[in-house]
Amino acid sequence: MVSLIDEEPTQATHPACVMVFNANDPSGAGGLAADVTAIASVGAHPLPIVTGAYARDTAEIFDHFAFDEDAVTEQARAALEDVQVQVIKVGFVGSPENLSVIAGIAADYADAPLIAYMPDLSWWDEVQIDLYLDAFKELILPQTTVLVGNHSTLWRWLLPDWSTERSPGARDIARAAQELGVSYTLVTGIPLPDQFIDNVLASSLAVLASEKFERFEAVFSGAGDTLSAALAALLASGDDLAESFTEALSYLDRCLEGGFRPGMGHIVPDRLFWALPEEDTEADSDEPSSFSTLDFPSNDTKH
């Protein structure tokens with residue numbers, strides 16, 4: 001059992017708080033929209049810091065406009081001086097300058113575990129990608145408790161010189177991340193035979209947990225933000241790391257199962273799937289409906 005919150009939780013009178021740095025996504029597929037909805041959905045309170053804004057729809061990202069680093073700093077410092085934060089999550093923040101100020105904030109609140117999510121940046125300018133990834137390695141990864149990312153994204157980033165015929169496993173990626181200061185790595189979308197994918201939580205020494213799913217044929221936007229935000233919220237609420245991993249994947253699975261297409265692009269996870277009325281609910285029942293955020297049905301979804 002790995003607990004990332006140092007203090008035993010007291011009898012809380014309010015939900016745990018998660019500060020999340022991310023860009024606004026006007027399509028609602030990912031970014032802060034995904035973070036806020038997922039964090040609240042699993043029972044924590046989001047403190048969203050806007051680091052910039054995408055110009056995008058549900059199919060593709062056209063551009064991104066980063067906020068000035070002073071605007072990011074002022075937002076975060078104002079909230080942190082007022083609210084005790086249990087976990088910090090860092091998504092896409094748009095510039096090395098923003099990464100620098102976030103690293104300084106995280107260092108000042110080092111007791112709060114930091115969850116870092118690295119999305120696919122192939123839509124961006126190649127020079128900007130290189131500058132951003134280098135800054136992330138230098139500034140954010142040394143403070144990262146759990147790094148979350150897709151297998152192909154983390155492989156290309158952390159193991160660019162991988163030359164063997166065998167693709168790197170989760171522990172290979174975790175070892176590379178550990179050399180940069182990361183304690184644990186959550187690798188998603190590892191290809192398996194027969195249309196299955198694996199999701200693995202690992203350290204440099206061992207695999208802590210894994211969950212295998214059958215691959216969905218559909219294309220989703222916002223799955224990575226959803227998973228990393230749910231993981232951050234569950235850790236903030238006091239779950240240990242392995243339990244948070246399992247529950248966050250179960251939550252994502254249900255979100256994808258209920259996914260919908262609000263536009264002409266990709267499918268968006270339904271992060272509020274539990275709010276829909278049950279089809280088999282008896283009309284004459286006098287019992288009020290309820291939802292326990294950590295008591296999801298058993299995972300039998302086909303991916």
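As a reminder, the structure under discussion sits directly above these lines.
Keep in mind that what you see is a predicted model, and the values were worked out from it rather than measured. (Residues numbered from 1 in each chain as written. Predicted model: local features only at pLDDT ≥ 70, side-chain atom pairs only at ≥ 80, totals over all residues. Heavy atoms only, no water.)

**Student:** Is there a simple way to think about the overall build of the protein chain in this case?
**Tutor:** Counting its secondary structure elements, the protein chain contains 8 helices and 9 strands. Out of the 303 residues in the protein chain, the part that is buried amounts to 49%. Here the contacts in the protein chain between residues at least 6 apart in sequence split such that 69% fall between residues at least 24 apart. For the protein chain, the exposed area adds up to about 14,800 Å²; of that, 49% sits on carbon and sulfur atoms. (Helix = DSSP H or I, 4+ residues; strand = E, 2+ residues; numbered from the N terminus. Buried < 20%, exposed > 50% of the residue type's maximum accessible area, 1.4 Å probe, protein only. Contact = heavy atoms within 4.5 Å. Areas by Shrake-Rupley, 256 points an atom, 1.4 Å probe, with all protein chains shown as cover.)

**Student:** Please clarify how the nonpolar core should be interpreted in this entry.
**Tutor:** Note that soluble globular proteins tend to have their nonpolar side chains buried in a common cluster. Residues Met19, Phe21, Tyr132, Phe136, Leu147 and Trp157 are the most contacted members of the largest nonpolar core, which totals 51 residues. Once residues within four sequence positions are removed from consideration, Tyr132 is found in contact with Gly91, Phe92, Val93, Gly94, Ser95, Pro96, Leu99, Met118, Leu121 and Trp124. Core analysis: the next-biggest nonpolar cluster, separate from the first, contains 40 residues, Ile115, Leu252, Ile267 and Phe273 among them. (Core = buried A, V, L, I, M, F, W, Y, C linked by side-chain atoms within 4.5 Å.)

**Student:** Sorry if this is basic, but what is going on with the packing of aromatic side chains here?
**Tutor:** We describe a pair of aromatic rings using the distance from one ring centre to the other and the angle between the two ring planes. Taken as a whole and assessed by the stated rule, the structure comprises 10 aromatic pairs. Centre to centre, the rings of Tyr251 and Phe273 are 5.8 Å apart; their planes meet at 45°, and the pair counts as tilted. Here Tyr251, found in helix H8 (residues 241-257), pairs with Phe273, found in the segment after H8; they are 22 residues apart in sequence, far enough to count as distant. Here the two residues Tyr251 and Phe273 agree in accessibility, since each one is buried. By the ring-pair criterion, three or more aromatic residues cluster together here, those being Tyr54, Phe92, Trp123, Trp124, Tyr132, Phe136 and Trp157. (Phe/Tyr/Trp six-rings, centres within 6.5 Å; stacked < 30°, edge-to-face > 60°.)

**Student:** Sorry if this is basic, but what is going on with the pairing of strand E1 (residues 17-24) here?
**Tutor:** The buried count for E1 comes to 7 of 8 residues, which makes it a mostly enclosed element. One ladder, built from 7 bridges, connects E1 with strand E2 (residues 45-56); its direction is parallel. Paired with Val20 across the two strands is Pro48, which belongs to E2. Viewed along the sheet, the connection from E1 through helix H1 (residues 31-41) into E2 turns out right-handed. (Pairing = 2+ DSSP bridges. Right-handed = clockwise from strand over helix to strand, strands pointing away.)

**Student:** Would you explain the environment of Ala59 in this entry?
**Tutor:** Within the element layout of this structure, Ala59 appears in the loop between E2 and strand E3 (61-66). Judged by relative accessible area, Ala59 falls into the partly exposed class, the value being 35%. When near neighbours in sequence (up to four residues on either side) are disregarded, Ala59 contacts Gly265 and His266.

**Student:** Mind showing me how you'd approach the pattern of salt bridges here?
**Tutor:** Note on pairing: side chains with opposite charge can pair once their charged atoms come close. Evaluation of the coordinates by the stated rule reveals 8 salt bridges. Lys89 serves as the salt-bridge partner of Asp35, at 2.4 Å between the closest nitrogen and oxygen. Taken as a pair, Asp35 in helix H1 and Lys89 in strand E4 (residues 87-90) lie far apart in primary sequence, 54 residues in all. Connected through shared salt-bridge partners, Asp35, Lys89 and Asp225 make up one network. (Salt bridge = Lys/Arg side-chain N within 4 Å of Asp/Glu carboxyl O.)

**Student:** Whenever I open this one, the sheet that holds strand E8 (residues 196-202) confuses me. Can you help?
**Tutor:** Spatially, E3-E2-E1-E4-E5-E6-E7-E8-E9 is the arrangement adopted by the 9 strands of the open sheet, whose pairing is mixed. On the outer flanks of this sheet lie E3 and strand E9 (207-214), each paired with one strand and no other. Averaged over all neighbouring strand pairs, the angle between strand axes comes to 20°, with direction disregarded. Across 3 bridges, E4 lies against strand E5 (residues 114-118) in parallel orientation. Residue pairing in the sheet places Ile88 in a bridge with Leu114 of E5. (Axes fitted to C-alpha atoms, helices over the stretch in contact; angles between N-to-C directions.)

From the geometry alone we can't say anything about function, so treat these as descriptive.
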